[in-house]
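Below, each chain spelled out in residue letters.
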Amino acid sequence: TGTQIIVKAENLRPIPPALRAPTKWTKCIRTPAFAEAALGRILLPDIAREVLGYLRIPRPDMARVSVVACSSQASGSSRYTFDPKCTLEPGTDSCWISAGFPGSAATRERITYALGAHCRVDFVRILIPVLPHGPLSVREFHLEAAVHAAGPFTPVSGPFYTLDTEELQEFLVSPCIEAAWVRLVCTSNAARGLQGS
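From a predicted model like this one, the values you see are computed outputs, not experimental measurements.

A. Here's a closer look at the overall build of the protein. A count of helical and extended segments in the protein gives five helices and six strands. Along the protein, helices and strands appear, N-terminal first, in the series α-α-α-α-β-β-β-β-β-β-α. Within the protein, buried positions represent 29% of all 197 residues. Long-range contacts, defined as pairs at least 24 residues apart, comprise 70% of the intrachain contacts of the protein with a sequence gap of at least 6.

Shown next as structure tokens:
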């Protein structure tokens, strides 16, 4: 390239014989795994990992999630209690039903969950009874969230729509919610869908 490099004689030393031929150690340095580990130490030192640990927002631990309020609750039957906490139980042996009279269309029935800590919610799962057994099951709903138990609760999702299926339904929440309290607001039920309103 025409560039001249001048080095002082006192800075020149022969390469020690041990480093002239590749050794197990020098081969190890050239492997991708070693490079990745070395870069990890350089780019993410312990202090950076510690700081990032405080910035991560975990998903809810379902063992800590609890129902803290609901708009209403129907009277129990011989089979179901209709308790709101049933919404956190797996399976179909229990369910929550609001106190609307039979055949009525749900309007703004809601249930509020305490997540146990400030969490990131990026999906919601719902299991509903199918028609004709579930005319009061939720058909349209949205989510609201708050940082404090007393609110204010603000809408954080558009409307979601359930299908008439016995399968567990999962809804993506995008962008995800970062909150300590989440409220599920039911704005329409299966009976209203049948009425066409």
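There's plenty left to go through after this.
B. Molecular detail of the nonpolar core. Of all hydrophobic cores here, the largest spans 22 residues; its most connected members are Leu115, Ile126, Phe141, Leu143, Ile177 and Leu184. Contributing elements (two or more residues each) for this core: strand S2 (109-126), strand S3 (138-146) and strand S6 (169-189). The contacts of leucine 115, once residues within four sequence positions are left out, are Pro60, Arg64, Val65, Val121, Ala179, Ala180 and Val182.

C. The arrangement of the side chain of glutamate 109 in detail. Mapped onto the fold, glutamate 109 is located in strand S2. For the buried glutamate 109, which has no salt bridge, the nearest side chain bearing the opposite charge is arginine 110, at an N-O separation of 6.1 Å. A polar atom in the side chain of glutamate 109 sits 2.9 Å from the side chain of serine 72. What glutamate 109 contacts, discounting residues up to four positions off in sequence, is Ser71, Ser72, Trp96, Ser98, Leu184, Val185 and Cys186.

D. Spatial organisation of a nonpolar patch on the surface. Side chains of Val51, Leu52 and Leu55 sit close together on the surface and give an oily, nonpolar patch of about 280 Å² of accessible area. Tracing the chain through its elements places leucine 52 in helix H4 (residues 46-55). Residue leucine 52 is classed as partly exposed on the basis of its relative accessible area, which comes to 36%.

E. Focus on the pairing of S3. Most of S3 is tucked away: eight of the nine residues are buried. Sheet topology places S3 next to S6; eight bridges connect them, and they run antiparallel. When the bridges of S6 are listed, glutamate 144 appears paired with arginine 183. Across two bridges, S3 lies against strand S5 (residues 160-161) in antiparallel orientation.

F. Just the pattern of salt bridges, in detail. In total, this model carries four salt bridges according to the counting rule given. For glutamate 170, the salt bridge goes to arginine 125, with nearest N and O atoms at 2.7 Å. Here glutamate 170 is found in strand S6, whereas its partner arginine 125 is found in strand S2, with 45 residues between them in sequence. Judged by relative accessible area, which is 49%, arginine 125 ranks as partly exposed. Between glutamate 144 and arginine 183 there is a salt bridge, with its nearest N and O atoms 3.3 Å apart. One end of the pair, glutamate 144, is in strand S3; the other, arginine 183, is in strand S6, with 39 residues separating them in the sequence. By relative accessible area, which is 5% here, glutamate 144 ends up buried. What emerges from the salt-bridge pattern is a single network uniting Arg59, Arg120 and Asp122.

G. Region of interest: the confidence of the model for the protein. Per-residue confidence for the protein gives a mean pLDDT of 77; residues scoring 70 or more make up 69%. Here residues 25-30 is a poorly scored stretch, pLDDT under 50, and it has five contacts once near neighbours within four places are set aside; other chains count. The low-confidence segment residues 101-106, where pLDDT is below 50, has 12 contacts with residues more than four positions distant or belonging to other chains.

Cut-off values and rules
- Here, residues in each chain are numbered from 1, in the same order as that chain's written sequence.
- Where totals are concerned, whole chains, interfaces and linings use all residues; where local detail is concerned, this predicted model gives features only for residues with pLDDT of at least 70, and gives and counts side-chain atom pairs only at 80 or more.
- Working from all heavy atoms in the structure, the side-chain values ignore hydrogens and water.
- Numbered from the N terminus, helices here are DSSP runs of H or I no shorter than four residues, and strands are runs of E no shorter than two.
- Buried residues are those whose accessible area, probed at 1.4 Å on protein chains only, stays under 20% of the maximum for their type, while exposed residues exceed 50% and partly exposed ones sit between those limits.
- We call two residues in contact whenever any of their non-hydrogen atoms come within 4.5 Å of each other.
- We define the nonpolar core as a collection of buried residues of types Ala, Val, Leu, Ile, Met, Phe, Trp, Tyr and Cys that are connected through side-chain atoms lying within 4.5 Å of one another.
- Charge counting treats Lys and Arg as positive and Asp and Glu as negative, with His and both chain ends excluded.
- The working definition used for a salt bridge is a side-chain nitrogen of Lys or Arg within 4 Å of a carboxyl oxygen of Asp or Glu.
- Side-chain atoms alone can form a polar contact between residues adjacent in sequence; in general such a contact is a pair of N or O atoms within 3.5 Å, and within protein one must be able to donate a hydrogen while the other accepts it.
- Patch criteria: residues need more than 30% relative accessible area and no salt bridge. Like-charged residues are merged within 9 Å; nonpolar side chains of Val, Leu, Ile, Met, Phe, Trp and Tyr are merged within 5 Å.
- Per-residue and other accessible areas follow the Shrake-Rupley method at a 1.4 Å probe size, with only the shown protein chains counted as cover for residues.
- Each pair of strands is called paired provided DSSP finds at least two bridges between the two strands.
- Residue-level confidence of the predictor, termed pLDDT, takes values from 0 up to 100.

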